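# Structure assessment
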Amino acid sequence: MKDAETSATMPAAPAEAPVRAEKKAAKPKFAKTERTPVQPPDPAALIEVQHLTKCYGDLVVLDDISEKIATGEKVAIIGPSGSGKSTFLRCLNVLEDPTDGYVFFEGNNLCDLKVDINIQRRRMGMVFQQFNLFNNMNVLKNITLAPVHVGMQDLRRTRRRNFCTRLSNLFRKKDKKRPLLPVQTDAKSIRRYAEENAMRLLSRIGLADKASAYPSTLSGGQRQRIAIVRALAMNPKVMLFDEPTSALDPEMVGEVLELIKELADEGMTMVIVTHEMGFAREVATRVLFMDGGKIQEQGPPEKVFGAPENERLKDFLSKVL
């Protein structure tokens, strides 16, 4: 009886809460869990990209691109807006991290975390659409900032290594002491050389009288030429141009293109994203046409502009030429 009364007075056990079905996350169009295996780079290529892919969420901007650029080549990249041209260029010096694939510069894998990307970028000049000059510095300071910073950085590194070597040599036998690294410059010499080189470059483009001027007082064409000179001050192996005339008035385009032509005539390796079809035909040794994140067609300017094979390229040229 007691058991029956107790069971009658006890509250009923709560019903089990229904288990919510887990929502399945939508799979993005590009969902690789492992990177594509890296292949040995071509020693003859200055820049090589292998299976380069770049995604922003579900949006695939670059779709499995493999390409090589040799020393001395002038490669023009053309195509409609949104085709991935600028993203491809920014991936070449890893300003944009590839989602998949690899970028090699002089045989060094720029996607490898063991590689010091800042050391590699010293030899890769970049010219942006919007100049990106420092408005709080005059022209001379804008040009000398990077060479002085890099020179001082190398000088400090050498001095630190020599200090550590001297310290360790105290505990080594005479015949096992390590030699010191040569120090062939000092801070004053680094600044003096950077300023002399900057003035030489400014004289070359006819803007030596603007060395003490600030960017805000210059025209768009002058600012873009100074941006090019700033990149040249690092003595790069390759120059990357991201639509260098897109932010300029039509009257100022000519002076910038003329400077780029001079660099091309001197043998500088270049990769140029441009909408100037006449300039690409005149300067480039090879033209790449991009659309939908892929290189749809490439070849010498005479073939790409004179006898295109890709239907999308034919349609594009019919609208811009």
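Residues numbered from 1 in each chain as written. Predicted model: local features only at pLDDT ≥ 70, side-chain atom pairs only at ≥ 80, totals over all residues. Heavy atoms only, no water.

Let's shift gears to the pattern of salt bridges. Taken as a whole, this structure holds 20 salt bridges when the rule is applied. A salt bridge links R286 to E67; the shortest N-O distance between them is 2.9 Å. Taken together, the residues span a long stretch of sequence, with R286 in strand 9 (residues 286-291) and E67 in strand 2 (residues 59-70) at a distance of 219 residues. The pair R286 / E67 is uniform in exposure class, with both members buried. Taken together, the shared-partner salt bridges in this structure form one network comprising D291, R312, D315 and K319. (Salt bridge = Lys/Arg side-chain N within 4 Å of Asp/Glu carboxyl O. Helix = DSSP H or I, 4+ residues; strand = E, 2+ residues; numbered from the N terminus. Buried < 20%, exposed > 50% of the residue type's maximum accessible area, 1.4 Å probe, protein only.)

Positionally, K54 belongs in strand 1 (residues 45-56). Of the residues examined, K54 reaches a relative accessible area of 9% and is grouped as buried. Sequence-wise, K54 and P98 are 44 residues apart; in three dimensions their C-alpha atoms are separated by 5.1 Å. In this structure K54 touches L59, V60, V61, L62, T87, E96, D97, P98 and T99, once residues within four positions along its chain are discounted. At 2.8 Å, the side chain of K54 forms a polar contact with the backbone oxygen of D97. (Contact = heavy atoms within 4.5 Å. Polar contact = N/O pair within 3.5 Å; in protein donor to acceptor, adjacent residues only side chain to side chain.)

Quick look at the packing of helix 4 (residues 139-169) against helix 5 (residues 187-204) now. Packing of helix 4 against helix 5 leaves a shortest axis separation of 9 Å and a crossing angle of 145°. Where helix 4 crosses over helix 5, the two elements pack in a sense that is right-handed. Residues V139, L140, I143, T144, P147, V148, G151, M152 and L155 of helix 4 touch helix 5, and the partners they reach there are A187, I190, R191, A194, E195, A198, M199 and L202. Looking at the contact of helix 4 with helix 5, its residues break down into 13 nonpolar, 2 polar and 2 charged. (Axes fitted to C-alpha atoms, helices over the stretch in contact; angles between N-to-C directions. Left-handed = near helix turned anticlockwise from the far one by under 90°. Nonpolar A, V, L, I, M, F, W, Y, C, P; charged D, E, K, R; others polar.)

The 6 strands are arranged 6-7-8-3-9-10 in an open sheet whose pairing can be described as mixed. Strands at the two margins of the open sheet, each flanked by one partner only, are strand 6 (124-127) and strand 10 (294-299). Strand after strand, the sheet turns through a mean of 15° between neighbouring axes, direction not considered. As judged from the 4 bridges shared by strand 3 (residues 74-78) and strand 8 (residues 269-273), these two strands associate in the parallel manner. For K74, the partnering residue across the bridge sits in strand 8 and is M270. Here helix 6 (residues 220-232) sits on the sheet and contacts strand 6 and strand 7 (238-242); the angle it forms with strand 6, its principal contact strand, is near 170°. (Pairing = 2+ DSSP bridges.)

At a minimum axis distance of 8 Å, the contact between helix 4 and helix 6 shows a crossing angle of 30°. It follows that helix 4 is roughly parallel to helix 6 by the angle criterion. For the pair helix 4 and helix 6, the crossing hand works out as right-handed. Between helix 4 and helix 6, the residues in contact are V139, N142 and I143 and I226, V229 and R230, respectively. (Parallel < 35°, antiparallel > 145°, perpendicular 65-115°, else oblique.)

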